[in-house]
Amino acid sequence: MNSSVDASIAPSGPGAPGGPPSAASREPRASSLAGAWRRFLVRRLVGLVVNLALLVVVTFVIVRLIPGDPAAAIAGEDASQSQVDAVRVELGLDEPLPEQFLHYVVGVLHGDFGTSFHYQMPALDLVRAAAPYTITIAFASLVVFLVLGLAIGAAVGIITRGDRHRWLDHLFNVGAGLVASVPAYVQATLLIAVFAVWLAWLPPAYSPAYGLGESAVLPVAALSLGCIASVARITRREVAVVLEQDYMRSARGWRLPSLRLYAKHMMPNVLTTALTLSGIILTALLGSALIVEAVFAWPGLGTTTVQAIAQFKDYPVIRAAVFVIGAISLLFTLVIDIVLGILDPRTLGDSRG
Amino acid sequence: MLGVLVVVAVVAPLVLHDAATGLSGDANSGSTGAHPLGTDGLGRDMLARTLVATRQTLIAATLSTALAAVLGIGLGVATWLAPRRVREVGLRLIEFWVSYPTLLVAIIVAAVLGQGLGPAVVAIGIANAGGFARLTANLVAGLAAREYVVTARLMGVPPGRIAVRHLIPNMAEPQLILVAQAFAGALVELSGLSFIGLGAQSPAFDWGALLNEGASKIYTNPVLIVGPSVALVFASLAALFVGDGLAAAANPRTNTSRSRLVRRADAAAEPLEADVLLAVDHLTVRHDASGRDLVSDVSLRIRRGEILGIVGESGSGKSVTASVVSKLLAEGLTATAARVELSGADLLGRVPGPELARRVAMVYQDPGTALNPALTLGNQLTDVLTSTLGSSRRDARENLVGHFRDVLLTDPEGRMRQYPHQLSGGMKQRAMIASAMSTRAELLVADEPTTALDVTVQREVLGLIKRMNTTAGTSVLFISHDLGVVRALCDRVLVMKDGRIVETIDDVAHMTTEAVRHPYTRQLLAATPVVHTSRPEVEGADR
Amino acid sequence: MSGPMIDVVDLGVSFGSTRVLHDVSLRLETGQTVGVVGESGSGKSTLAKVLVGIVEPDAGEVVVANTDVRRLGRRSRRAAQDYRRRVQMVPQDPFSSLSPRRTIGQTLAEALDPARASVRRHEDRIAAWLERVGLPADAMGRYPHEFSGGQRQRVAIARSLIVEPSVVIADEITSALDVSVQAQILDLIAEIKAGLGLTMVFISHNLAVVQRVSDVVAVMYRGEVVEAGPVEQIYADPRHWYTRQLLDADPGAPGFSLG
């Protein structure tokens with residue numbers, strides 16, 4: 001039996017990374033907050049660039065994947081051969097594949113997604129004109145659903161803790177479940193029926209004749225109602241989980257007043273999870289925005305995209321719109337993660353994104 | 001609810017096919033006796049059309065959910081089976097996939113495949129597969145680290161068989177829940193595609209297409225939207241309840257009620273001696289749901305300046321007893337006692353928060369979870385001083401920093417600004433003890449405070465508790481499963497088993513298998529591993 | 001067979017820039033048990049993983065049962081599998097080490113026959129081993145959740161012994177158990193060891209537990225073996241300050257004081 005009796009102490013960091021995560025997380029992490037932020041931002045920026053690059057590939061592939069001869073399919077059944085050829089040249093489909101891709105990438109880097117078949121203007125300009133409308137209602141909905149969802153969820157969670165007031169629990173489950181599960185475009189249609197047709201309080205669709213704010217009320221309501229219910233459900237469940245935690249027992253052990261107990265010791269921990277999931281809800285919201293816009297004839301990205309696909313087969317516009325929607329989605333998610341990082345520095349270490 | 005839908009889907013097309021597609025004389029009719037939900041532009045009955053569309057909609061949603069599940073689960077498992085590089089790329093792509101709105105992905109796929117219900121089914125299927133792939137990849141990553149999977153791999157079980165035997169059976173529940181959610185999603189999204197004209201094309205129709213038709217005539221004939229709206233709401237709710245039901249079955253929530261402290265009617269409490277700090281008489285704690293007694297008829301006394309130990313194994317009721325003393329009984333438990341009195345305060349009645357905080361402080365088993373991860377140490381540990389005991393913010397900080405110094409935390413001011421995850425377990429436990437010292441409580445309740453710590457750190461923490469006892473005169477109720485630890489620290493020891501005190505040991509120093517009376521104590525003593533040394537300087541010690 | 005069963009010379013392991021093991025040497029004869037003690041972060045679990053071949057060493061020699069562990073990955077798959085059957089690990093947590101959806105019989109059959117895992121074919125052997133670890137033979141048809149932690153640990157022990165390995169590595173196998181259950185498992189280990197002449201590496205943070213089952217002991221601190229030798233010698237006359245500190249920290253030890 002050999003022994004290396006040597007008291008020199010080698011610098012030894014946290015335990016074996018191969019071990020169970022619980023053991024690893026118990027080890028102290030000697031990282032400064034600034035360092036964590038730097039690593040977080042670098043990682044997220046790299047992730048952003050990678051995702052944008054993937055978006056370029058996906059938007060390129062959209063056209064290539066059309067079965068048969070894409071040019072013929074795009075030009076339509078009753079197009080003449082010269083029209084088909086024009087489409088072929090416009091999309092660069094006459095070139096070899098690698099060159100097509102190269103041209104496409106160079107074009108995208110210069111902000112050039114090609115010229116809209118239908119409107120005969122740069123596709124990106126069309127999309128750029130529509131984007132603010134979508135961002136406006138999406139952002140307004142984000143604020144509304146976060147504030148109301150968190151408030152309602154937290155209130156119900158606290159009131160029903162430990163199975164108090166079961167009737168409220170049941171009422172909330174059914175009510176929020178109903179609102180959360182009805183698709184946004186159905187809610188949009190119903191909102192129009194009630195507030196525009198029946199009560200005639202608000203305009204049923206976008207029109208320059210009304211103010212932007214006035215016509216945005218119903219779209220924002222249609223988008224955020226379901227999200228409010230989802231966020232409230234998540235928050236309510238998370239409140240129940242957090243209230244069971246050991247550190248809440250510690251806080252009760254300090255006999256803190258209720259307000260301080262819930263606002264200071266419970267809420268930050270609820271927010272972490274609720275906001276993380278809100279990122280996912282936001283993604284879904286952007287998706288339903290595409291359809292809800294169509295209901296309200298809202299001149300945003302959704303209407304633009306849907307028209308480009310369903311009516312005009314306007315591929316340069318589709319490419320530009322998909323790219324911009326993807327980019328907006330990425331940016332919103334990044335913003336949520338930054339907010340999360342400020343609220344709870346631990347999330348900076350997560351490998352998401 | 002799902003049953004109703006299935007019946008409608010099967011029966012309606014058989015019975016109502018003609019009514020749904022047959023033209024009648026009155027086009028664009030409102031709600032009438034013959035057509036309660038009106039008729040469309042060609043005079044087709046909306047109620048019949050809605051009911052007939054059920055089959056189309058449900059089949060499409062089922063198909064696309066099945067496609068999503070098969071594709072996603074397959075991909076998720078495949079990424080695990082693949083070599084490391086491929087796996088990294090695969091996981092990255094799945095992340096990319098799910099980071100976009102399902103509907104956007106579906107719209108892209110629809111843009112490629114063209115319009116129609118078939119392409120829409122494929123589009124939604126592909127879009128939802130990302131979610132399944134991610135869930136599967138996450139579950140597999142968690143399961144693959146489980147020891148039984150690692151062991152199976154070491155045994156030489158082929159990877160394919162590990163997937164079939166160990167991975168897939170163990171992720172059935174979350175997958176089922178996701179299937180229900182994805183089905184609800186697919187219903188909504190498919191109809192959504194139809195609604196904007198990318199799904200079912202005339203003459204085919206589903207709910208989305210019908211709703212679109214109705215919405216376009218919302219001013220002239222609003223009743224047209226009722227049928228498809230109600231149908232969509234009904235179907236989404238059905239899927240939601242199925243999903244919730246599955247989720248509830250997977251994670252049964254125990255029905256708890258509030259904790260209660262009840263005074264026993266036959267309370268004939270004898271007067272206390274002057275130096276008794278804590279008196280508990282005939283304490284019984286019942287678990288409301290099962291009716292089982294966790295603690296039966298426990299009585300104990302702690303004198304001022306005394307350290308009382310309670311030892312027992314898991315389920316002995318020692319921690320529950322401690323939670324009654326600290327007035328933090330868990331919900332769902334009912335405690336009955338003739339007396340629980342701490343320094344003259346009747347804990348069976350209402351005691352104001354500040355008074356309680358001044359009398360009793362706690363240190364818990366797992367320092368990793370007992371501190372709030374979202375708040376700095378200074379911020380959370382001074383709270384009891386400022387908001388409960390009314391100190392000024394500055395006094396509280398000075399007080400706590402001083403006690404951080406007492407428990408030998410290096411850089412006490414710096415520690416105040418740190419988050420719990422930046423400290424080791426031993427440091428966190430020292431911070432908790434410092435906090436307990438800062439309130440100058442008369443009683444410290446310490447529930448297994450060293451179980452999660454290394455032995456050398458355990459010794460330091462035990463030393464701190466002992467010092468708190470000797471210098472500040474704090475009495476201690478010390479809960480532990482380790483007779484060795486209790487013997488080293490406590491003045492008196494209670495041995496608990498199955499909720500009862502089986503033996504009280506007053507002479508802790510001479511606690512040997514011969515000296516103890518109860519067989520369980522003897523068994524516990526024999527089972528407690530003790531280091532045997534024959535070091536010269538300790539020859540002749542008591543064993 | 002010639003030479004020691006386990007021969008580790010100057011073993012080094014790093015994860016990224018972190019050195020987890022450093023100049024670790026260990027030699028164990030057939031039929032002996034070495035107790036490896038140390039606190040969290042000492043590298044004792046990593047050592048176990050090197051011995052079973054999950055973690056690859058960066059430096060040094062590791063020869064177990066006449067097989068060079070370092071070349072395991074580069075040799076044929078078959079040789080690697082053969083090695084892994086001869087060196088068995090009993091995991092720490094009795095709750096995560098058994099698949100919840102498979103019966104005890106299926107779990108044991110899988111150990112015997114990884115590809116087919118047929119219970120019927122090996123029924124007699126499974127029954128014999130269950131009885132050997134103190135469980136009834138009809139436990140075969142039941143699922144892990146029907147058993148207590150101690151009973152599950154018995155199943156885990158049976159699973160690693162049923163393939164008749166040359167070396168068993170036990171990583172903190174009693175740390176999740178109550179003391180009286182721990183005592184029963186330690187008795188079982190001692191009994192089986194005596195019966196089979198097993199070579200064993202017993203890893204624990206508890207000096208007293210190690211003392212109960214080991215012939216030799218190695219004390220680890222921050223990735224190094226700071227002291228090693230026969231149990232009687234180390235416990236009676238520790239040379240290294242850290243060993244003394246560990247011994248004195250044991251609440252039952254004579255050197256223990258709360259000063």
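Residues numbered from 1 in each chain as written. Chains lettered and ligands numbered in written order. Predicted model: local features only at pLDDT ≥ 70, side-chain atom pairs only at ≥ 80, totals over all residues. Heavy atoms only, no water.

**Quick notes on the UniProt feature "transmembrane region" (unreviewed entry) in chain A**
Residue and element names in this part refer to chain A. With numbering aligned to this structure, UniProt lists the feature "transmembrane region" (unreviewed entry) at residues 45-66, 130-159, 171-201, 216-235, 270-298 and 318-343. For residues 171-201, helix accounts for 84% and strand for 0%, while the C-alpha atoms at its two ends are 29 Å apart. Taken end to end, residues 318-343 has its terminal C-alpha atoms 37 Å apart, with 100% of it in helix and 0% in strand. (UniProt positions renumbered as here; feature names shortened; annotations may be inferred. Helix = DSSP H or I, 4+ residues; strand = E, 2+ residues; numbered from the N terminus.)

**Some remarks on a nonpolar patch on the surface**
Taken together, the side chains of Ile135(A), Phe139(A), Val143(A), Val144(A), Val147(A), Leu148(A) and Ile152(A) present a nonpolar region at the surface, about 550 Å² in accessible area. Positionally, Val144(A) belongs in helix α6 (residues 123-159). (Patch = residues over 30% accessible without salt bridge, like charges linked within 9 Å, V, L, I, M, F, W, Y side chains within 5 Å. Areas by Shrake-Rupley, 256 points an atom, 1.4 Å probe, with all protein chains shown as cover. Salt bridge = Lys/Arg side-chain N within 4 Å of Asp/Glu carboxyl O.)

**Some details on helix α4 (residues 102-113) of chain B**
Residue and element names in this part refer to chain B. The end-to-end C-alpha distance of α4, which contains 12 residues, comes to 16 Å, matching closely the 16 Å that a straight helix rising 1.5 Å per residue would cover. α4 sits mainly inside the fold: 10 of its 12 residues count as buried. Burial in α4 covers these residues: Leu103, Leu104, Val105, Ala106, Ile107, Ile108, Val109, Ala110, Ala111 and Val112. Count one or two residues on from α4 and you reach Gly114, which has phi positive near 95 degrees. (Expected span 1.5 Å × (residues − 1). Buried < 20%, exposed > 50% of the residue type's maximum accessible area, 1.4 Å probe, protein only.)

**A word on the sheet that holds strand β6 (residues 87-90) of chain C**
All names here are of chain C. Pairing within the open sheet is mixed, and its six strands lie in the order β6-β7-β8-β3-β9-β10. Two strands in the sheet have a free side with no partner beyond their single neighbour: β6 and β10 (224-230). Strand-to-strand twist across the sheet, computed as the mean angle between neighbouring axes with direction ignored, equals 15 degrees. Summarising the sheet, strand β9 (residues 216-221) and β10 pair through six bridges and their orientation is antiparallel. Among the inter-strand pairings, Met220 is bridged to a residue of β10, identified as Val225. (Pairing = 2+ DSSP bridges. Axes fitted to C-alpha atoms, helices over the stretch in contact; angles between N-to-C directions.)

**Things to note about the pattern of salt bridges**
What the rule picks out here adds up to 30 salt bridges over all chains. With a closest N to O distance of 2.8 Å, Lys264(A) and Asp383(B) form a salt bridge. With Lys264(A) in helix α11 (residues 258-296) and Asp383(B) in helix α15 (residues 383-388), the pair connects residues from two separate chains. For Arg394(B), the salt bridge identified is with Glu398(B), shortest N-O distance 3.7 Å. Here Glu398(B) and Arg394(B) lie together in helix α16 (residues 393-406), a separation of four residues that amounts to about one turn. We classify Arg394(B) as exposed; its relative accessible area is 64%. The network of salt bridges with common partners includes Asp281(B), Arg301(B), Arg339(B) and Glu341(B).

**As for the confidence of the model for chain A**
Residue and element names in this part refer to chain A. For chain A, mean pLDDT is 77; residues scoring 70 or higher make up 86% of the total. No element of chain A has a lower mean pLDDT than helix α1 (residues 21-26), which averages 34, and none a higher one than helix α10 (residues 246-253), which averages 90. In this model, residues 1-30 is a region of pLDDT below 50 whose contacts with residues beyond four sequence positions or in other chains number 52 contacts. (pLDDT = per-residue confidence, 0-100. Contact = heavy atoms within 4.5 Å.)

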